[in-house]
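Inside the fold
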Amino acid sequence: MQKIILIGDPVAHSRSHLMHNAALKHLGLAIRYEAVHTPAAELAARIAALRGAEYLGANITLPHKQAVMPFLDGIDELAAQIGAVNTIYKSPAGELIGTNTDAPGLMVDLAASGFAPEGRLAVILGASGAARAAAFGLAEARVDTLVVANRTPERAEELLADLLLTTTDDEGLTATGEPPPSLIALGLDDPELTEYLSTCDLLLNATSQGWHGDETPLPDPPVGPHTLVYDMVYRQTRLLQEAATRGAQIRDGLGMLVHQGTIGFTLWTGREAPLEVMWAALR
């Protein structure tokens with residue numbers, strides 16, 4: 001039986017196997033999706049093993065979305081622009097190709113929630129590979145101001161510098177001939193962050209803070225009814241609960257998980273992903 005695997009550390013929380021195995025079974029495909037716990041020291045060997053004929057590809061999750069890139073044979077344009085890989089598939093020649101389905105998956109789910117980024121103020125928490133995907137997607141959707149707040153502000157600065165480099169030309173304009181968004185990097189403890197949180201249209205958590213108990217990247221954020229608070233963690237996190245008490249709209253990351261998953265499914269199998277079957281498996 002052929003396999004597709006999820007590579008990360010940790011992976012026990014993941015629900016990807018539920019939707020993918022339901023989809024594979026629905027289509028009658030003799031393929032199994034499995035989560036494989038992979039510490040950083042084992043990453044190179046795990047990627048090398050993907051070259052075996054039994055593997056169709058893999059998903060990459062925290063903390064390996066950037067670290068995995070040097071081990072691949074190729075990286076498509078989208079993943080190169082974002083600077084992170086979350087999906088590996090094989091070319092017809094058997095090469096391992098990295099792409100990023102997080103950005104399009106997020107944008108589809110934001111649209112499903114009724115949120116249009118153009119001209120808006122967005123705050124991203126974190127500077128991980130997932131944060132890079134979110135920043136790229138929002139910039140492409142012509143957000144007006146993009147704030148990235150991270151525990152280490154230097155990593156937020158690096159993310160935004162990379163975003164500017166990959167999305168603008170020599171004259172500093174985007175592919176549509178317009179200037180890029182206003183880009184602001186802050187530390188999570190920067191007093192200036194409070195001002196942006198109180199006026200932002202979108203607050204997006206791209207950290208892993210929220211998988212366990214009542215942990216949160218930002219206690220009781222000063223958001224309001226004008227704000228959509230979106231947590232990539234697909235559970236009702238403390239961040240979402242506290243935002244809801246302030247009247248904010250809230251959305252967890254389950255829709256993003258499904259929509260990014262459908263893209264990877266087609267890359268691995270060559271078949272259209274059965275979206276409703278995947279949703280049903282997760283619900």
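Now for a look at the structure at hand. (Residues numbered from 1 in each chain as written. Predicted model: local features only at pLDDT ≥ 70, side-chain atom pairs only at ≥ 80, totals over all residues. Heavy atoms only, no water.)

1. As for the pattern of salt bridges
Any two side chains of opposite charge can pair, so long as their charged atoms come close to each other. Tallying each qualifying case throughout the model produces eleven salt bridges. One salt bridge connects R238 with E242, and the closest N-O pair in it is separated by 2.8 Å. With R238 and E242 both in helix α8 (residues 238-245) and four residues apart, the pair spans about one turn of that helix. Taken together, the shared-partner salt bridges connect E118, R142 and E178 into one network. (Salt bridge = Lys/Arg side-chain N within 4 Å of Asp/Glu carboxyl O. Helix = DSSP H or I, 4+ residues; strand = E, 2+ residues; numbered from the N terminus.)

2. A few points about the sheet that holds strand β2 (residues 31-37)
The strand order across the open sheet built from six strands is β2-β1-β3-β5-β6-β4, with neighbouring strands paired in mixed fashion. Here the strands that pair on one side only, and so sit at the sheet edges, are β2 and β4 (74-75). Relative to strand β5 (residues 87-90), strand β3 (residues 55-60) runs antiparallel, the two sharing three bridges. Bridge assignment links N59 to a residue of β5, and that residue is T87. Against the sheet, helix α1 (residues 16-26) touches β2 and β3, its axis set at about 165° to β2. Sheet strands touched by helix α9 (residues 254-269): β1 (2-8), β2, β3, β5 and β6 (96-99). Its angle to β5, the strand with the most contacts, is close to 15°. (Pairing = 2+ DSSP bridges. Contact = heavy atoms within 4.5 Å. Axes fitted to C-alpha atoms, helices over the stretch in contact; angles between N-to-C directions.)

3. Observations concerning the sheet that holds strand β7 (residues 121-125)
With parallel pairing, six strands are arranged side by side in an open sheet as β9-β8-β7-β10-β11-β12. The open sheet terminates on both sides in strands that have one partner only, identified here as β9 (182-187) and β12 (249-252). With direction set aside, neighbouring strand axes in the sheet form an average angle of 15°. In this sheet, β12 lies alongside strand β11 (residues 228-231) in parallel orientation, the contact comprising four bridges. Note on β12: the bridge partner recorded for D231 is D252. The strands touched by helix α4 (residues 102-112) are β10 (202-205), β11 and β12; relative to β11, the strand with the most contacts, the crossing angle is about 140°.

4. Describing the environment of V277
Note that V277 resides in helix α10 (residues 275-282). For V277 and P221, which are 56 residues apart along the polypeptide, the C-alpha to C-alpha distance reads 36 Å. Dropping the residues within four chain positions of it, V277 is found in contact with A22, A23 and H26.

5. Quick word on the layout of surface pockets
Here the largest pocket defines a volume of roughly 980 Å³. Looking at the largest pocket, it is lined by 42 residues, and the ones nearest its centre are L62, S128, A206, T207 and S208. For the lining of the largest pocket, the elements supplying multiple residues, two or more each, are β3, α5 (129-140) and α9. Residue contributions to the lining of the largest pocket peak at three residues, all from α9. Broken down by class, the residue content of the lining of the largest pocket amounts to 17 nonpolar, 19 polar and six charged. Considering only enclosed or pocket space, the second largest pocket measures out at about 300 Å³ in volume. Every element with two or more residues in the lining of the second largest pocket is listed here: α5, α6 (153-167) and β9. No other element matches the three residues that α6 contributes to the lining of the second largest pocket. (1 Å grid on protein atoms, 1.4 Å probe; cavity = no way out; pocket = protein on both sides within 12 Å on 5 of 7 lines; lining within 4 Å. Points joined across faces, edges and corners; volume = space filled by probe spheres on them. Nonpolar A, V, L, I, M, F, W, Y, C, P; charged D, E, K, R; others polar.)

6. Structural notes on empty space enclosed by the protein
One pass over the structure, following the stated rule, counts one cavity of 30 Å³ or more. Approximately 50 Å³ is the volume attributed to the largest cavity. Of all the secondary-structure elements, those providing two or more residues to the lining of the largest cavity are α3 (77-82), α5 and α6.

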